[in-house]
Amino acid sequence: MTCSHLNQLSNRNLFFKCENLQKTGSFKFRGACNAVSKVVSTNQKSPDRELSVVTHSSGNHAQAVSLAAQVQGVTAHIVMPSNSPAVKKEAVRSYGGLIVECEPTEQSRVATADQVAERTGATMVHPNQSPDVMAGQGTMVFEILEQVERVDAIVVPVGGGGMLSGVSVAAKKLCPHAKIYAAEPKNADDCAVSMARGELTPLPAPPVTVCDALKTSIGPHTWPIIRDHVDDVITVTEEEIKAAMRLVWERMKLVIEPSSAVGVAAVMTDRFQRLPADGHQNIVVILCGGNVDLEHLPWMR
Amino acid sequence: MEAQRVTVPDVETPAGRLQGHARETPVLTCGTLDELAGRRLYFKCENLQKSGSFKFRGAYNAISRLLSSTNQNPPPVVTHSSGNHACALALAAHQLDVTAHVVMPRTAPQCKKETVRGYGGKVIECTPTEQARVETMERIAAETGAVYISSSQHPDVIAGQGTMGLELLRQVPELDAVITPVGGGGMLAGVSLVMKSLNPHVRVYGAEPELANDAATSLAKGERCPLSYYPDTIADGLRINMGPVAWPYIRENVDDIISVTEEEIKNAMTLIWQRMKLVVEPSGVVGVAAALSDSFKAREEPAKNVAVILSGGNLDLLKLPDLLSVSEHV
């Protein structure tokens, strides 16, 4: 979708890829579907075997895997931090996912998921480090190229890097002239720091950011792809994110979560504004999801 | 002009006129809502329309027609409205290089006054009564020569709203019913006349808050029965009575009008915001509430593929907590 007001503010032609309207409310459904399909096709020769998958997720991937599994007749075990928003837990249950709670740390998420995998024989579908998940996220690029004439740049929010790697690999192959910009909260800037240092530098501690879907660090599978295919990382403040989120709600009438607003905030920054007009006219901004607790909105706090 | 009846050709011309100016808004679907309704629902997203509501269509058409009917300098336009028509008229006027005077009650939401000003409209505040709105508007018209563009009772406005019906027939070939909210009746009049002229098997329903059910009462009695008071419904865009110009179209072309409670409106808000990720104002989800109501679900007539118009998305975000149901009634 487009918005003339946001075009005026940014001085660019912005094209918003509305993954908040995707099944389960975020782009994560693409990668989840692809990964679950792989599990099913890998086990085609044992049709009687009960298939299951397991993952650890703060919300969007959890819902995506649950629904992707449900529609393909597979059981989904979802490891979720105990402090995940209630609406996300309810959504996972409504899609048939079986929740296993863990502590809100990276360590606990991983360990609990491993335990479930061992106990049940479920196949792990990592939220962002699985190649099948990354490939699924990359399918956005095919659509973008059909929907937008002459893409100059794509702005992609980054948490674990699954979408950024999938999109950047596909884009560099299909439209190599297009620049790829990652957009990241300053408070969770592991991707920016890694790019600056030239080596993977995960966050030292759980970040404090309104973007609950971007709290994970980029990982060993996504980092090399990001390093080699992403042109730059733009970081934005919490205030910039909240302002961008409110702008999209008010002017575009779309419900997007804070993580989605990161890309919008990025194109409004001085840094992005300073990019040359030449070759930076048609900018695709990915609105990655719309799963937000309506009772706890950032501007109400 | 007031006596002129709007027919389908009067709607097809605006459709061409609006191209490139108004959006052909998307039609979206939602599996969860289909399950709840027991039908396939097709949501026409006029919250994504220019100025945030379907009103832009009628406003743009009316001003365009005015311009093409005069050889001299275009006159300014004037209206009285606290909401979506104000914003729509201001934006349409700005795009057509015409001055818009908008009379707004002093109590109108600040964000709406600012939106009108942001679109280049001149806001004239008045006491919040019907009388003051009309008198102020008449004074401005006399002083400036501005032409009055009603929010729903002008044939060109009705014709403009009817373009939604043309788009729906193209976008949803399997359509067999349409539900639209009804306030002044401009949208219901325009859409219903298109349906009954081009595809009479498509059933047309209005949707109205129970607290403001003048249209439902009128349809049941066969004569227009306006309310004598300003109803207190959260669907603030539907507080006005169905007007005398829209009424004959509604009487002739609408199959029924479904009334919904405030609670049903809040439930619909929660579902649309949470499941469809769309910002829609309470008036805008009244059609959804109707589609999910027990009375509509119990109907036996064939209505498997039902278009529901989400009429607009202009609201004060700070008021959102009061507009949602406490827990989602799934």
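Residues numbered from 1 in each chain as written. Chains lettered and ligands numbered in written order. Predicted model: local features only at pLDDT ≥ 70, side-chain atom pairs only at ≥ 80, totals over all residues. Heavy atoms only, no water.

Put simply, the rule reads: UniProt positions are given in the numbering used here, feature names are shortened, and annotations may be inferred rather than shown by experiment.
As recorded by an unreviewed UniProt entry, chain B carries the name L-serine ammonia-lyase and is attributed to Branchiostoma floridae. Of the comments in the UniProt record for chain B, the one headed Sequence similarities (unreviewed entry) reads "Belongs to the serine/threonine dehydratase family." Quoted verbatim from the Catalytic activity (unreviewed entry) field of UniProt, the annotation for chain B is "L-serine = pyruvate + NH4(+)".

The name that an unreviewed UniProt entry assigns to chain A is L-serine ammonia-lyase, with the source organism given as Branchiostoma floridae. Among the UniProt annotations of chain A, the heading Catalytic activity (unreviewed entry) holds the following wording: "L-serine = pyruvate + NH4(+)". What UniProt records for chain A under Sequence similarities (unreviewed entry) is the sentence "Belongs to the serine/threonine dehydratase family."

## Quick look at the overall build of chain A
Basically, it comes down to this: A helix here means a DSSP run of H or I that spans at least four residues, while a strand means a run of E at least two residues long, and both kinds are numbered starting from the N terminus. The size measure is the radius of gyration over C-alpha atoms, and the globule rule it meets is 2.2 Å times the number of residues to the 0.38 power. The classification of residues rests on relative accessible area computed with a 1.4 Å probe and restricted to protein chains. Under 20% of the type maximum is buried, over 50% is exposed, and intermediate values are partly exposed. Should any heavy atoms of two residues lie within 4.5 Å, those residues are counted as being in contact. Only four residue types enter the charge count: Lys and Arg as positive, Asp and Glu as negative, with His and the chain ends excluded. A single reference atom marks each charge: NZ on Lys, CZ on Arg, CG on Asp, CD on Glu.
Broken down by element type, chain A carries 12 helices and 9 strands. In terms of overall size, chain A behaves like a compact globule, its C-alpha atoms giving a radius of gyration of 18 Å where 301 residues would be expected to give roughly 19 Å. On the principal axes, the C-alpha backbone points of chain A span a range of 60 × 45 × 40 Å. Classification of the 301 residues of chain A by burial places 57% in the buried group. Long-range contacts, defined here as pairs at least 24 residues apart, represent 72% of the contacts in chain A between residues at least 6 apart. Seen as two clouds, the 28 positive and the 31 negative side-chain charges of chain A have centres 2 Å apart.

## A closer look at unusual backbone geometry
Notably, A:R150 is not glycine yet its phi reads approximately 55 degrees, a positive angle. Looking at the secondary structure, you find A:R150 in the loop between α6 (131-147) and β6 (153-157). Of note in the backbone geometry, B:D97 takes a positive phi value of approximately 65 degrees without being a glycine. As for its placement among the helices and strands, B:D97 is situated in the loop between α4 (84-95) and β4 (100-105).

## Let's talk about the packing of α4(B) against helix α5 (residues 110-118) of chain B
Residue and element names in this part refer to chain B. To be explicit about the condition: Whenever a helix is involved, its axis is fitted only over the stretch in contact; in every case the axis is a line through C-alpha atoms, and angles between N-to-C directions fall within 0 to 180 degrees. Throughout this description, any angle smaller than 35 degrees is read as roughly parallel, any larger than 145 degrees as roughly antiparallel, any in the 65 to 115 degree range as roughly perpendicular, and the remainder as oblique. Handedness of a crossing follows from how the near helix is turned relative to the far one, being left-handed for an anticlockwise turn of less than a right angle and right-handed for a clockwise one. Residues were grouped as follows: Ala, Val, Leu, Ile, Met, Phe, Trp, Tyr, Cys and Pro as nonpolar; Asp, Glu, Lys and Arg as charged; and all remaining residues, including Gly, as polar.
Where α4 meets α5, the closest approach of the two axes is 8 Å, and the angle between their N-to-C directions is 10 degrees. The orientation of α4 with respect to α5, classified from their angle, is roughly parallel. The two elements α4 and α5 cross, and the hand of that crossing is left-handed. Of the residues in α5, those touching α4 at N84, A86, C87 and A90 are K112, T115 and V116. In the contact of α4 with α5, the residues fall into 4 nonpolar, 2 polar and 1 charged.

## Observations regarding the interface of chain B and chain A
Inclusion rule: Here's the idea: put two parts together, see how much 1.4 Å probe accessible area each one loses, and the total over both is what we call buried area. Salt bridge, as applied in this entry: a Lys or Arg side-chain nitrogen positioned within 4 Å of an Asp or Glu carboxyl oxygen. We define a polar contact as two N or O atoms separated by no more than 3.5 Å, with the added condition that, inside protein, one atom must be a possible hydrogen donor and the other a possible acceptor, whereas residues neighbouring each other in sequence contribute only through side-chain atom pairs.
Between chain B and chain A, the residue contacts involve 23 residues of the former and 25 residues of the latter. For the pair chain B and chain A, the summed buried surface comes to about 1900 Å²; carbon and sulfur atoms form 62% of the total. Between chain B and chain A we count 0 salt bridges in total. Between the two partners, chain B and chain A, sit 7 residue pairs in polar contact (both at pLDDT 80 or more).

## With respect to the sheet that holds strand β7 (residues 177-181) of chain B
All names here are of chain B. Stated precisely, the cut-off is as follows: At least two bridges found by DSSP between two strands is the condition for calling them paired.
Strand order across the open sheet formed by 6 strands is β1-β2-β10-β7-β8-β9, with mixed pairing between neighbours. Single-partner strands in this sheet number two, and they are β1 (27-28) and β9 (256-260). Sheet topology note: the strand β2 (residues 40-45)/strand β10 (residues 305-310) ladder contains 6 bridges and is parallel. For K44, the partnering residue across the bridge sits in β10 and is I309. Its contacts with the sheet place helix α7 (residues 155-171) against β1, β2, β7 and β10, and it is angled at close to 135 degrees to β2. Strand contacts of helix α11 (residues 262-275): β2, β8 (203-209), β9 and β10, with the helix running at about 90 degrees to β9, the strand carrying the most contacts.

## Re the nonpolar core
Keep this limit in mind: We call a set of buried Ala, Val, Leu, Ile, Met, Phe, Trp, Tyr and Cys residues a nonpolar core when their side-chain atoms join them within 4.5 Å.
In this structure, A:W249, B:F43, B:I272 and B:W273 are the most contacted members of the largest nonpolar core, which totals 81 residues. Take this core: its biggest share by element is 7 residues, from helix α10 (residues 238-252) of chain A. Counting residues in each nonpolar core, the second largest holds 36 residues, with B:L175, B:V182, B:Y249 and B:I257 among its members.

## Let's talk about the pattern of salt bridges
Per the stated rule, a full pass over the model turns up 29 salt bridges over all chains. The partner of B:D255 in a salt bridge is B:R203, with the nearest N and O atoms 3.8 Å apart. One end of the pair, B:D255, is in the loop between α10 (246-253) and β9; the other, B:R203, is in strand β8, with 52 residues separating them in the sequence. Note on B:D255: relative accessible area 32%, which makes it partly exposed. The partly exposed category is assigned to B:R203, whose relative accessible area is 27%. When the shortest N-O distance is used, the salt bridge between B:R299 and B:D256 registers 2.8 Å. One end of the pair, B:R299, is in the loop between α13 (294-297) and β10; the other, B:D256, is in strand β9, and 43 residues separate them in sequence. Members of the salt-bridge network, linked through shared partners, are A:K17, A:E19, A:R30 and A:E143.

## As for the pairing of strand β4 (residues 98-102) of chain A
All names here are of chain A. Where we set the bar: A clockwise path from the first strand over the helix to the second, with the strands pointing away from the viewer, defines a right-handed crossover.
Looking at chain direction, strand β3 (residues 75-81) and β4 are connected through 5 bridges and run parallel. For V79, the partnering residue across the bridge sits in β4 and is V100. For the crossover that starts at β3, traverses helix α4 (residues 86-94) and ends in the parallel β4, the hand is right-handed.

## Section: the packing of helix α1 (residues 8-18) of chain B against α7(B)
Residue and element names in this part refer to chain B. Orientation of α1 relative to α7, taken along the N-to-C sense of each, is 85 degrees, at an axis distance of 8 Å. Taken as axis vectors, α1 and α7 run roughly perpendicular relative to one another. Mapping the contact onto sequence places D10, V11, E12, P14, A15 and L18 in α1 and A159, G160, G162, T163 and L166 in α7. Looking at the contact of α1 with α7 residue by residue, the classes come out as 6 nonpolar, 3 polar and 2 charged.

## Some points on the environment of B:P75
Tracing the chain through its elements places B:P75 in the loop between α3 (55-68) and β3 (77-80). In sequence terms B:P75 and B:R65 are 10 residues apart; their C-alpha atoms lie 12 Å from each other.

## A few points about the side chain of A:H77
Relative to the helices and strands, A:H77 resides in strand β3. A relative accessible area of 12% means that A:H77 is categorised as buried.

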